[in-house]
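# Examination of the molecular architecture
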Amino acid sequence: MATPHDTENDDIQLSPEALEALKSFLTEKDERQHRFETLKKKAEEEDHVERGKILTITDFEEDWQHSQFWYDHKTAQTYAEDLLEGATDDTVIGIVSTPSVFIKIQEMKASGQVSKNLQVYLLEFDHRFELFEGFIHYDFKYPLRLPTWFKGKFDRVILDPPFLSNDCQTKTALTLRWMMKPWSTNSSNVRLIVCTGERMQGLVEKLYRQAGVRTTTFDVQHMNGLSNKFLCYSSFESKSLEWENIDTLKRVGDY
């Protein structure tokens with residue numbers, strides 16, 4: 001006599017088309033993994049800067065379970081340029097949960113566009129990125145589990161918290177407040193960029209108000225697209241990052 005469990009298993013059957021699609025997906029995944037391992041081996045034989053010529057963000061498959069969604073080329077390039085504008089070898093830059101921007105900077109280093117001595121650190125959960133010098137394992141659940149010398153040392157930081165939750169956003173903000181130089185410092189060298197879902201706007205503006213962060217008009221785009229609209233917030237303006245006109249928004253709202 002068949003048990004309910006047996007019946008459930010019998011009911012779960014894939015069509016020939018679904019089986020073929022699954023087979024194709026697994027084959028493609030294996031091929032990507034093999035390619036990455038080959039590139040990783042080659043990169044390990046190069047110095048840290050030259051790895052920027054070998055590995056690009058497309059070599060790292062997005063892991064949706066870890067909420068990984070890479071920026072497209074234009075977005076990553078814009079963020080990298082704004083973080084690097086006016087930076088010197090004494091400027092300390094932090095890239096929090098935004099590896100596509102970090103790798104873009106590595107590419108710029110490798111091509112000679114910027115100094116190879118720039119101090120750039122990637123705070124990231126994914127250990128695949130430890131191939132690069134400057135990788136620091138980071139888990140937002142433990143916001144201060146970082147090297148002690150990080151405290152108050154960073155001039156410029158960009159972050160894109162992995163999850164659209166109050167807990168993730170708040171704990172990441174705690175990390176930022178701890179690692180950055182005082183937000184009250186009147187220096188053009190201190191810059192902060194926050195990128196996250198539109199529905200987190202109220203919380204972001206509250207968490208970073210003291211840093212002078214405001215919503216910008218910049219159009220954030222991801223490599224494979226996202227259904228959730230993302231916004232960019234910054235503590236400064238540039239040719240690419242312009243703050244929303246608050247007066248204009250108020251007038252539109254009045255109607």
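Structural data are supplied above this passage.
First things first, this report covers the structure right here in the doc. (Residues numbered from 1 in each chain as written. Predicted model: local features only at pLDDT ≥ 70, side-chain atom pairs only at ≥ 80, totals over all residues. Heavy atoms only, no water.)

## Some thoughts on the environment of aspartate 167
One can find aspartate 167 in helix α6 (residues 166-179). Under the relative-accessibility criterion, aspartate 167 is labelled partly exposed at 41%. Sequence separation between aspartate 167 and phenylalanine 140 is 27 residues, and the spatial gap between their C-alpha atoms is 9.1 Å. (Helix = DSSP H or I, 4+ residues; strand = E, 2+ residues; numbered from the N terminus. Buried < 20%, exposed > 50% of the residue type's maximum accessible area, 1.4 Å probe, protein only.)

## Observations regarding the state of the cysteines
The full count for this structure, using the stated rule, is zero disulfides. No disulfide involves cysteine 195; its nearest neighbouring cysteine sulfur is the one of cysteine 232, lying 6.1 Å away. By relative accessible area, cysteine 195 is classed as buried at 0%. (Disulfide = S-S within 2.5 Å.)

## Quick look at the pattern of salt bridges
Taken as a whole and assessed by the stated rule, the structure comprises five salt bridges. We note a salt bridge from arginine 128 to aspartate 126, for which the minimum N-O separation is 2.7 Å. Overall, the relative accessible area of 24% leaves arginine 128 in the partly exposed class. Residue aspartate 126 is classed as buried on the basis of its relative accessible area, which comes to 11%. The salt bridge partner of lysine 181 is aspartate 155, with a shortest N-O separation of 2.7 Å. (Salt bridge = Lys/Arg side-chain N within 4 Å of Asp/Glu carboxyl O.)

## Quick notes on unusual backbone geometry
In this model, serine 97 sits at a positive phi of 60°, which is unusual for a non-glycine residue. With respect to the helices and strands, the residue serine 97 is situated in the loop between β1 (92-96) and α5 (99-110).

## Points about the sheet that holds strand β7 (residues 230-234)
What the seven strands build is an open sheet, ordered β3-β2-β1-β4-β5-β7-β6; its pairing is mixed. Unpaired on one side and paired on the other, β3 (135-137) and β6 (214-215) mark the two borders of the sheet. Where strand β5 (residues 191-197) lies against β7, five bridges are found, and the strand directions are antiparallel. Its bridge partner being in β7, isoleucine 193 is matched across the sheet by serine 234. Against the sheet, helix α4 (residues 73-84) contacts β1, β4 (156-159), β5 and β7, and its axis sits at roughly 160° relative to β4. Against the sheet, α5 touches β1, β2 (119-124) and β4, its axis set at about 150° to β2. (Pairing = 2+ DSSP bridges. Contact = heavy atoms within 4.5 Å. Axes fitted to C-alpha atoms, helices over the stretch in contact; angles between N-to-C directions.)

## Topic: α4
The first and last C-alpha atoms of α4 sit 16 Å apart over twelve residues, in line with the 16 Å expected at 1.5 Å per residue. Of all twelve residues making up α4, nine are buried, and the element is well covered by its neighbours. Among all positions of α4, only Thr75, Ala76, Gln77, Thr78, Tyr79, Ala80, Asp82, Leu83 and Leu84 are buried. In this fold, the buried residues of α4 make contact with β1, α5, β4, β5 and β7. (Expected span 1.5 Å × (residues − 1).)

## So, the packing of α4 against α5
The geometry of α4 relative to α5 is characterised by a closest axis approach of 9 Å and an angle of 70° between their N-to-C directions. By the criterion of interaxial angle, the relationship of α4 to α5 is roughly perpendicular. Pair α4 / α5 crosses with right-handed handedness. Across the interface between the two elements, His73, Ala76, Gln77, Tyr79, Ala80, Glu81, Leu83 and Leu84 of α4 pack against Ser100, Val101, Lys104, Ile105 and Met108 of α5. Of the residues contributing to the contact of α4 with α5, the split by class is eight nonpolar, three polar and two charged. (Parallel < 35°, antiparallel > 145°, perpendicular 65-115°, else oblique. Left-handed = near helix turned anticlockwise from the far one by under 90°. Nonpolar A, V, L, I, M, F, W, Y, C, P; charged D, E, K, R; others polar.)

## Examining α6
A rise of 1.5 Å per residue sets the reference length of α6, with its 14 residues, at 20 Å; its end C-alpha atoms lie 20 Å apart and thus fit the reference within 8%. Elements in contact with the buried residues of α6: β1, β2, β4, β5 and α7 (201-207).

## Quick look at the side chain of aspartate 126
Here aspartate 126 shows up in the loop between β2 and β3. Here arginine 128 takes part through its side chain, which lies 2.7 Å from a polar atom of the side chain of aspartate 126. (Polar contact = N/O pair within 3.5 Å; in protein donor to acceptor, adjacent residues only side chain to side chain.)

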